[in-house]
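Architecture at a glance
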Amino acid sequence: MIYFDNAATTKLDNEAFEAMKPYLMNDFGNASQPYSFSRKPKKALKEAREQIARCINANPDEIYFTSCGTESDNWAIKGYCTARGFENSTIITSSIEHHAILNCCSAVEKLGAKIIYLPVNKSGIVERNVLKKTICDGSLVSIMYVNNEIGSIQNIKELAKIAHDYNCLFHTDAVQAVGHLPIDVKEMNIDMLSASAHKFNGPKGIGFLYVKNGVNIPSYIDGGSQEKGKRAGTENVASVVGMATALRNNCVQLEDNIEKIRYLDSLLVNTLKKMKLNFIRNGAPDGIPGNISLSFYEKDGEQILHLLDLKGYCVSTGSACDGTKNQVSHVIKAIKVNRKYAKGTIRVSLSKDNTEKEIIQFCNDLNDLLNQL
């Protein structure tokens with residue numbers, strides 16, 4: 001098997017796995033208990049929170065552990081609406097967000113919130129003038145950092161500044177960015193940020209929400225006093241430790257990883273071009289390396305995916321969270337891909353573990369496959 005679907009999930013970091021094991025087997029105590037057996041898990045949570053905070057230049061008390069990026073997105077959106085009252089809430093987001101944002105916005109709209117969807121240009125970028133024409137005081141602006149289907153990177157710092165100029169809060173779904181791009185929440189002036197560990201070689205079922213001190217966000221799960229009383233439930237110590245370890249390792253290796261993946265990205269696209277295949281690459285030219293959305297002329301992306309699967313390749317047609325629907329994705333529609341290409345879209349997402357040999361083999365097999373269709 002050759003795995004090219006790292007935007008869907010990533011392989012667990014070996015060091016992260018080893019760091020998790022003690023809290024699954026020996027140091028299994030409940031971190032909320034006062035006796036000595038719980039001191040090590042309690043200390044592990046504290047150190048993991050500090051480690052994650054350092055990776056994005058936040059304060060430790062601004063990091064809240066969640067079950068995933070989707071929960072983090074829901075907490076940010078619904079927390080804003082709960083604090084203001086749904087009928088007094090306006091959320092400004094983009095037309096190419098992950099469904100964790102889009103479906104959450106749809107849910108709060110039914111409760112009285114106003115939702116404004118911003119269009120994007122053909123590269124999948126929210127233009128500043130579009131936001132400035134739409135924004136109104138007191139809104140929550142929620143724009144994803146990196147698009148999960150086409151890899152376009154938004155100018156988060158600029159968008160956050162516009163939001164603050166109009167007395168608005170700024171949230172970003174950074175699930176595809178954390179651990180893959182440098183992030184400084186203070187320098188970028190982000191109010192809330194969502195992340196998910198399994199996108200940066202951590203375990204599944206754990207994520208975090210960064211909430212800037214001073215931002216009023218109510219509790220999401222009521223019960224015990226965990227997460228400063230804002231998210232009740234016994235802490236998943238092992239997964240938190242694994243998440244912190246994986247994020248630290250990715251941040252330490254960030255420049256080397258970006259350089260390697262950028263090389264593999266260019267190799268793949270340029271090899272396909274030399275084969276004179278009729279395709280377009282979607283997204284911004286300066287998008288995140290390794291997230292490669294390709295649309296082939298008058299082909300069927302779903303068919304390509306299954307034929308590649310038979311040859312041992314894992315790719316996708318778009319978001320893994322929407323993988324049961326055989327249709328042109330909302331992202332491809334939003335950037336207005338020509339209909340003769342749109343249906344023939346696949347996403348190849350690379351990681352630091354992929355190799356040049358895998359890229360060449362994939363291009364040759366894909367070329368043979370497309371010529372046979």
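Read on for a plain summary of the structure. (Residues numbered from 1 in each chain as written. Predicted model: local features only at pLDDT ≥ 70, side-chain atom pairs only at ≥ 80, totals over all residues. Heavy atoms only, no water.)

The secondary structure content of the chain amounts to 13 helices and 12 strands. The C-alpha radius of gyration of the chain comes to 21 Å, within 12% of the 21 Å expected for a compact globule of 373 residues. Principal-axis analysis of the C-alpha atoms places the extent of the chain at approximately 65 × 50 × 35 Å. Considering the chain as a whole, with its 373 residues, one finds that 56% of them fall into the buried category. Considering only contacts within the chain whose residues lie at least 6 apart along the sequence, 73% involve residues at least 24 apart. Of the accessible surface of the chain, which amounts to about 16600 Å², a share of 49% is contributed by carbon and sulfur atoms. Each charge class in the chain can be summarised by its mean position, and for the 44 positive and 41 negative side chains these summaries are 2 Å apart. (Helix = DSSP H or I, 4+ residues; strand = E, 2+ residues; numbered from the N terminus. Rg over C-alpha atoms; globule rule 2.2 N^0.38 Å. Buried < 20%, exposed > 50% of the residue type's maximum accessible area, 1.4 Å probe, protein only. Contact = heavy atoms within 4.5 Å. Areas by Shrake-Rupley, 256 points an atom, 1.4 Å probe, with all protein chains shown as cover. Lys, Arg positive; Asp, Glu negative; His and termini not counted. Charge placed at Lys NZ, Arg CZ, Asp CG, Glu CD.)

Between two packed helices, the angle of one axis relative to the other and the distance separating the axes together describe the packing. Taken N-terminus to C-terminus, the directions of helix α10 (residues 301–310) and helix α13 (residues 356–372) make an angle of 125°; their axes are 11 Å apart at the nearest point. Of the possible angle classes, the one that applies to α10 and α13 is oblique. By crossing handedness, the relation of α10 to α13 is classed as right-handed. Where α10 abuts α13, its residues Ile304, Leu307 and Leu308 lie against Phe362, Leu366, Leu369 and Leu370. (Axes fitted to C-alpha atoms, helices over the stretch in contact; angles between N-to-C directions. Parallel < 35°, antiparallel > 145°, perpendicular 65-115°, else oblique. Left-handed = near helix turned anticlockwise from the far one by under 90°.)

An order of β2-β8-β7-β6-β5-β3-β4 is seen for the seven strands of this open sheet, with the pairing classed as mixed. Of all the strands in the sheet, just β2 (63–66) and β4 (114–118) have a single pairing partner and so form its edges. Each neighbouring strand pair of the sheet contributes to a mean axis angle of 20°, computed without reference to strand direction. Where β2 and strand β8 (residues 207–211) come together, four bridges link them in antiparallel fashion. The residue of β8 that forms the bridge with isoleucine 63 is tyrosine 210. Each of β2, β3 (90–94), β5 (140–142), β6 (169–173), β7 (192–196) and β8 touches helix α3 (residues 69–84); the most contacted strand, β7, lies at about 160° to it. (Pairing = 2+ DSSP bridges.)

This brings us to the sheet that holds strand β12 (residues 345–349). Spatially, the three strands line up as an open sheet ordered β9-β10-β12, and their pairing is antiparallel. A single partner strand is all that each edge strand has here, and the edge strands are β9 (279–282) and β12. Here the strands of the sheet are splayed against their neighbours by 30° on average, with no regard to which way each runs.

Our next topic: helix α1 (residues 14–25). Helix length check: α1, at 12 residues, gives a terminal C-alpha distance of 17 Å against a target of 16 Å (1.5 Å per residue), a fit within 8%. Where α1 is buried, its residues meet α2 (39–56) and α8 (237–252). The N-terminus of α1 is capped by aspartate 13, whose side-chain oxygen sits 2.8 Å from the backbone nitrogen of glutamate 15. (Expected span 1.5 Å × (residues − 1). Polar contact = N/O pair within 3.5 Å; in protein donor to acceptor, adjacent residues only side chain to side chain.)

A word on the pairing of strand β10 (residues 291–296). Judged by how many residues are buried, β10 sits mostly within the fold: six of six residues are covered. Side chains of β10 alternate between two faces, with Asn291, Ser293 and Ser295 and Ile292, Leu294 and Phe296 buried alike. Here β10 runs beside β12; their pairing, made up of five bridges, is antiparallel. Within β12, the position partnered with serine 295 by the bridge is threonine 345.

What follows deals with a nonpolar patch on the surface. On the surface, Phe28, Tyr35 and Phe37 cluster together to form a nonpolar patch covering roughly 330 Å² of accessible area. The topology assignment puts phenylalanine 28 in the loop between α1 and α2. Among the residues examined, phenylalanine 28 registers a relative accessible area of 55% and is labelled exposed. (Patch = residues over 30% accessible without salt bridge, like charges linked within 9 Å, V, L, I, M, F, W, Y side chains within 5 Å. Salt bridge = Lys/Arg side-chain N within 4 Å of Asp/Glu carboxyl O.)

So, about the environment of tyrosine 166. With respect to the helices and strands, tyrosine 166 occurs in the loop between α6 (156–165) and β6. Sequence separation between tyrosine 166 and isoleucine 135 is 31 residues, and the spatial gap between their C-alpha atoms is 7.3 Å. With residues up to four places along the chain from it excluded, the contact list for tyrosine 166 reads Lys132, Ile135, Cys136, Asp137 and Gly138.

Under the criterion given, the structure shown has 14 salt bridges. As a salt-bridge pair, glutamate 158 and arginine 128 come within 3.1 Å of each other at their nearest N and O atoms. Here arginine 128 lies in helix α5 (residues 128–134) and glutamate 158 lies in helix α6, a separation of 30 residues in the sequence. Assessed through its relative accessible area of 35%, arginine 128 is described here as partly exposed.

On to the packing of α3 against helix α4 (residues 99–109), then. In the contact formed by α3 and α4, the axes pass within 9 Å of each other and the chain directions differ by 30°. By the angle between their axes, α3 is roughly parallel relative to α4. In the crossing of α3 with α4, the sense of the turn from one axis to the other is right-handed. Counting all contacts with α3, which are made through Thr70, Asp73, Asn74, Ile77, Lys78 and Cys81, the residues of α4 involved are Ala100, Ile101, Cys104, Cys105 and Val108. Class assignment of the residues belonging to the contact of α3 with α4 gives a composition of seven nonpolar, two polar and two charged. (Nonpolar A, V, L, I, M, F, W, Y, C, P; charged D, E, K, R; others polar.)

Structurally, asparagine 354 is set in the loop between β12 and α13. Among the residues examined, asparagine 354 registers a relative accessible area of 4% and is labelled buried.

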